[in-house]
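Notes for the structure review
Each chain, written out:
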Amino acid sequence: MLPVGITWRVLRPETVTTDSGEVPLNRRPRTVLLCLLLNPNRSVSWDKVAQFLWGDDPPKTQRNSVARFVADLRRALGPDGDRIVTEGGGYRVIVHQGELDSDIAQTGLAKAKQLAETDLEKAHECIGGVMELVGTTPNEWLIDLPEVAPILSRNQELRIEILETLARFKLDTGRHAELIAVLEQGVLSHPYHERLWAHLIDALHRSARTADALRACQRLRTELAEIGLVPSDAIHRLEAHVVAGTSIGSAADMHTVAGAPIGRDSDLHAIQSGISAHALVSIVGLAGSGKSMLATAVADDEELNGVAVHRVDLRPLRDAARVVPTVAAAVGVPASEVVTTPAELARHLVSISCLIVLDNCEHLRPECAALAEELVSRASGVRVLATSREPLRAGSEHVHRLNMLRTKETSESLRPSPAAELFVARSAGHLDDGDFDELHLDHVEAICESLRGHPLAIDLAAGLLGDTPVSELRARLESASIASPGNAVTVALDVAWDSLSPAGQTLLARLSVFAGGCTVSAAEHVCGEGGPVLADLSRLTDRGFVTLAADDRYVLDAPIREFASARLSDRRETRVFLGRLTDWLRELTAPWGIAELGSIAEAGEALVPEQANVTEALVHLLDIGHTEELAWFFIRCCGPWVNHGLYSEVVRWLGPIVDDEAVSDAARSAAAAGLLQADMLVGNFAMLAPWGEKSLALAGGESYDWIPIAVSFLALLSLVVPMSRSTEELLDLSESTADRSDSRDVNTAWALMRRAHVAHHRRDYDRAVDHFRDALALVNDPGRLLLALETGEAISLYLAGRHEESLESVRGWKSKVETDEWHYQVDIVRAVIVGGCGQPAEATVELAAALRRHKPVSVWARADEFQIAFGLLADMRGEPKLAADLLATPMSGSPFLSSIVIEK
């Protein structure tokens, strides 16, 4: 006779329970039952059971032993022993629906999520029962069985999803303290799972245990460091909330780190399912509908799951040619690897697994579609999530259309609509929760209805509550809706604009000149009247007009910027403030010397996030006919463009300048020098001599800052291409013009470095060392120039046989280049030098560890240099065959490393 209820368990160690309690089982019968339960209602042959028990080393009496364990199992199960059936040379366990704990857990999880739509308390009760069923730790009987690793992994994923769902429900119902103990156990069992840590940090923060929350952040950092990883951006944002004392999900941040934006749970789940099944998913909806926020939630979720995520905001881009280079830079392709076509980028990503988020694609849809299609078809590990007002119309695109938030459907429903929930959450900084009684909520529902559930419009309207009673706000918005039917954002903007102070209106209008957002300092320089603007900027952010992005830049969403730009035009101030934007950017470039185009300088790097604003200023100068000013302005800007691989931008702006006779010869000469360096980086060697000769001719014998570096390039080129002047003549000219230029030290260092390169090329390594050291004496600022000099000196010392000096040089490096683009050089050169100085095994281990620290795409782009380095280290370890294989087909390699290969 069957007991009242039986539960077969694979998630927890009890294995079998009935209404009377746990069924006691010895180790071997328990293991047999687990093997059968992992294949419920299917026959499992006795030899598979034996392999499950003993692996590849079974006893000679394995068949008899299996039969004995099955008999023991049947006896222990008592009346349920007949559930173990002998069948076809094996055994089968009979499991009825609703008896296996993993199935029960799946069903309970789905039910809890469904209940959450209508009754959060019942949902919490339901998921609590499921959590009690599965526990927080894996089944210890399965851990050491390699045959069940995939099943154990699936069970772990289910347990984590249940734990996360419980965490969200407890956080949503204010049970923060109850959650902490459960999550502490959860992170002990899953120490590298960031989402569980995120919930624990959030729960501690909400429980006013700030110090413990920060300690949890540090504990996570320590755990990840042990496997060579660092916390994701989502964790950094959460930690910033803890430090700042702001709440998650409040007006400070509209979505939780591991959850959906308000009212978007079903959308989030649909997009997550879509991105699991399709390589290309686009979120499509009206401006301000929350596409970017949902994409961020999906990306955060993927990132916390250990997926490499690369986010690209295309909003500032105006030139379609910049789409591919911008995405290439975002995914970590080094700047010197110039990538201009989708196929080139796909080749860089062919062995990489990642999610690329292309945000705000609407104005560049054809280019984004071509790029996304190429990436997902050629790079099997790449998935693309795009947001756009219209579908990309790519062949493999899966479209998720985003509707407006649901408003109140029936007066009988007690739960606020999703639109009203967003309004209440957004207004949290203006009113206490107690102010939202039933009457207030009726007004809120009416407001959301008049705004048609549009999230951006609701956000703007909620920001008005600090000054306007909710009943009055309802009346104003309903009246405006009647006057301007069909556009909720325009209605909300009109009403919100009228509520701003004159200073707020002035600042908002002027901020519209920033195509790529701005910092507080930039806003003060361009929009202010000599005084601070932070207070007004904060009020605009509080009201929903301005968004504070992750990089501390203040950004206007497209509909708001268009509205503000129209207000600036109404005031007849557009040209004035575009002029002030241009003047500010010109001041930013002032410390940036033309001679430093190939190095890192603070002024130049400061221009990188301003690329969209620079383009806006350049277009303004072009529109007003100030060609000479445009020429000098962009020449000063082209260093960062060259350094960050935006070759198309350099050609776009400098190409016409070289041939424009309306521009001064000096500007044309500088433009030719900029094109020379850009072509040098992309390997367009056919144009190097013509650009260099043209720059010299247009300079007319003057020692402009750019002449020494242009001539030094020509000197290097003369080693392989016939020139009108000898290498020595060009080197002398480079040094003499450097001595007479404004940036004397930097230009002289460049000239000396080229002289060292020539000596290195001629295998005169001692002379190369002397030139490198003379150049190093002139350079103090950390950057690429210093890095190039230090690596050149160290390798020249090594090739000259001065090993101890070489090792000492490596130990004293000051370059401190900590970017993904360049610090790989430090690791590679250091490893080769250390290996060559008698420690090849240690150097190999260090280089392998360094390899893990780099972005995968950066490693792929530099595969030839890593290959050469590992080949050299293999040779130093006395493994000639491996060394020969690694050094046989380097793709291009570092010239210095290639010199070591040649010498060997």
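None of these values were measured; they are calculated from a predicted model. The numbering scheme is per chain: residues are counted from 1 as the chain's sequence reads. Only residues with pLDDT of at least 70 are given local features in this predicted model, and only at 80 or more are side-chain atom pairs given and counted; all residues enter the totals for whole chains, interfaces and linings. No hydrogens and no water enter the side-chain calculation; it runs on all heavy atoms of the structure.

What follows covers unusual backbone geometry. Phi at Asn360 takes a positive value of approximately 65°, unusual for a residue other than glycine. By the criteria applied, helices consist of DSSP H or I runs no shorter than four residues and strands consist of E runs no shorter than two, each listed in order from the N terminus. Take Asn360: it is sitting in the loop between strand 9 (354-359) and helix 16 (365-378). When its relative accessible area of 12% is taken as the criterion, Asn360 is described as buried. Phi at Arg452 is positive, roughly 55°, even though this residue is not glycine. With respect to the helices and strands, the residue Arg452 is situated in the loop between helix 18 (438-450) and helix 19 (455-462). A 1.4 Å probe rolled over the protein chains alone gives each residue an accessible area, and that area as a share of the maximum for its type sets the label: buried under 20%, exposed over 50%, partly exposed in between.

Here the focus is the sheet that holds strand 10 (residues 382-388). With parallel pairing, five strands are arranged side by side in an open sheet as 8-9-10-7-11. Of all the strands in the sheet, the pair left with one neighbour each is strand 8 (309-313) and strand 11 (398-401). Taking the axes of each pair of neighbouring strands and ignoring which way they run, one obtains an average angle of 15° across the sheet. As paired elements, strand 8 and strand 9 share five bridges and run parallel to each other. Only strands that DSSP links by at least two bridges are regarded as paired with each other. Here an axis means a line fitted to C-alpha atoms, over the contact stretch when the element is a helix, while the angle between two N-to-C directions is reported on a 0 to 180 degree scale.

Looking at helix 23 (residues 520-527), one finds that the buried residues are Ala522, Ala523, Val526 and Cys527. Along helix 23, the residues classed as buried sweep out an arc of 100° about the axis, all on the same side. Any two residues whose heavy atoms approach within 4.5 Å at even a single point are treated as in contact. For helix 23, the elements touching its buried residues are helix 22 (502-511), helix 24 (534-542) and helix 26 (574-589). Arc definition: directions from the helix axis to the C-beta atoms.

Attention now goes to the pairing of strand 7 (residues 280-284). Counting buried residues in strand 7 gives five out of five residues, a clear majority hidden from the surface. Across the two faces of strand 7 the burial is the same, with Leu280, Ser282 and Val284 and Val281 and Ile283 all buried. Note: strand 7 against strand 11, four bridges, orientation parallel. Across the sheet, Ile283 pairs through a bridge with His400, a residue of strand 11.

With respect to the element layout, Arg92 can be found in strand 6 (residues 90-93). Whenever two N or O atoms come within 3.5 Å, that pair is a polar contact, provided that in protein one can donate a hydrogen and the other can accept it, and provided that, for residues adjacent in sequence, both atoms are side-chain atoms. A distance of 3.1 Å separates polar atoms of two side chains, one belonging to Arg92 and the other to Glu87. If we ignore the near neighbours within four places in the chain, the residues touching Arg92 are Asn41, Arg42, Ser43, Arg83, Ile84, Val85 and Glu87.

Residue placement: Val376 occurs in helix 16. Measuring from C-alpha to C-alpha, the distance between Val376 and His278 comes to 9.5 Å, with 98 residues separating the pair along the chain. In contact with Val376, not counting residues within four places along its chain, are Ala279, Leu280, Val382, Val384 and Ser396.

A few words on the confidence of the model for the protein. pLDDT is a residue-level measure of predictor confidence that goes from 0 to 100. The pLDDT averaged across the protein works out to 80; a share of 84% of its residues lies at or above 70. Low pLDDT, under 50, characterises residues 249-258; the stretch is placed with 33 contacts to residues that sit more than four places away or in other chains. Of the regions scoring below 50 in pLDDT, residues 817-821 engages in twelve contacts with residues more than four places distant in sequence or in other chains.

For the rest of this paragraph, the subject is the pattern of salt bridges. One side-chain nitrogen of Lys or Arg within 4 Å of one carboxyl oxygen of Asp or Glu is enough to make a salt bridge. This structure, assessed with the given rule, holds 40 salt bridges. Where Glu302 meets Arg383, a salt bridge forms, and the shortest distance between an N and an O atom there is 2.7 Å. Highlighted residues: Glu302 in helix 13 (residues 291-304) and Arg383 in strand 10, separated in sequence by 81 residues. Here Glu302 and Arg383 have matching classes, each one buried. Of the charged contacts in the structure, one is a salt bridge between Lys881 and Asp885, with a shortest N-O distance of 3.6 Å. Of this pair, Lys881 and Asp885 both sit in helix 43 (residues 880-888), four residues apart, which is roughly one turn of that helix. The exposed category is assigned to Lys881, whose relative accessible area is 63%. Residues participating in the shared-partner salt-bridge network are Glu728, Asp732, Glu735, Arg755 and Arg762.

This next bit is on the side chain of Ser669. On the secondary structure map, Ser669 appears in helix 31 (residues 665-682). A polar atom in the side chain of Ser669 sits 2.7 Å from the backbone oxygen of Ser695. Discounting chain neighbours no more than four positions away, the residues touching Ser669 are Ser695, Leu698, Ala699, Trp706 and Ile707.

Take the sheet that holds strand 4 (residues 44-45) next. One open sheet accounts for three strands, arranged 4-6-5; its pairing is antiparallel. If you trace the sheet from one side to the other, it starts and ends with strand 4 and strand 5 (84-87), each paired once. As judged from the two bridges shared by strand 4 and strand 6, these two strands associate in the antiparallel manner. Note that in strand 6 the partner of Val44 across the bridge is Tyr91. Where helix 3 (residues 62-77) meets the sheet, its contacts fall on strand 5 and strand 6, and the angle it forms with strand 5 comes to roughly 150°.

What follows deals with the packing of helix 32 (residues 688-699) against helix 33 (residues 706-717). Between helix 32 and helix 33, whose axes approach to 10 Å, the crossing angle comes to 145°. When the axes of helix 32 and helix 33 are compared, the crossing they make is left-handed. Where helix 32 approaches helix 33, its residues Leu688, Ala689, Gly692, Glu693, Ser695, Leu696 and Ala699 are matched on the opposing element by Trp706, Ile707, Val711, Leu714 and Leu717. In this count, Pro and Cys sit with the nonpolar residues alongside Ala, Val, Leu, Ile, Met, Phe, Trp and Tyr, while Asp, Glu, Lys and Arg are called charged and the others, Gly among them, polar. Along the lines of polarity and charge, the residues of the contact of helix 32 with helix 33 split into nine nonpolar, two polar and one charged. Handedness of each helix crossing follows the sense of rotation of the near helix against the far helix: counterclockwise by less than a right angle gives left-handed, clockwise gives right-handed.

What follows concerns the environment of Ser45. Considering the arrangement of structural elements, one finds Ser45 in strand 4. Note on Ser45: relative accessible area 24%, which makes it partly exposed. Sequence separation of Ser45 and Gly90 is 45 residues, and the distance between their C-alpha atoms is 3.9 Å. In this structure Ser45 touches Gly89 and Gly90, once residues within four positions along its chain are discounted. Within the local environment of Ser45, its side chain forms a polar contact with the side chain of Asp47, the two groups lying 2.5 Å apart.

Another point: helix 2 (residues 46-54). Along helix 2, the residues that are buried comprise Trp46, Val49, Ala50, Phe52, Leu53 and Trp54. On its buried face, helix 2 sits against helix 1 (27-37), strand 4, helix 3 and strand 6. Positioned one or two residues after helix 2, Gly55 has a phi angle of 70°, which is positive.

Quick look at the packing of helix 1 against helix 3 now. Between helix 1 and helix 3, whose axes approach to 9 Å, the crossing angle comes to 90°. The angle between the axes of helix 1 and helix 3 places the two elements in the roughly perpendicular class. Here helix 1 contributes Arg28, Pro29, Val32 and Leu33 to the contact with helix 3, which in turn contributes Phe69, Val70, Asp72 and Leu73. For the contact of helix 1 with helix 3, the class distribution of residues is six nonpolar, no polar and two charged. Oblique is the label for any angle not under 35 degrees, not over 145, and not in the 65 to 115 range, which are roughly parallel, roughly antiparallel and roughly perpendicular in turn.

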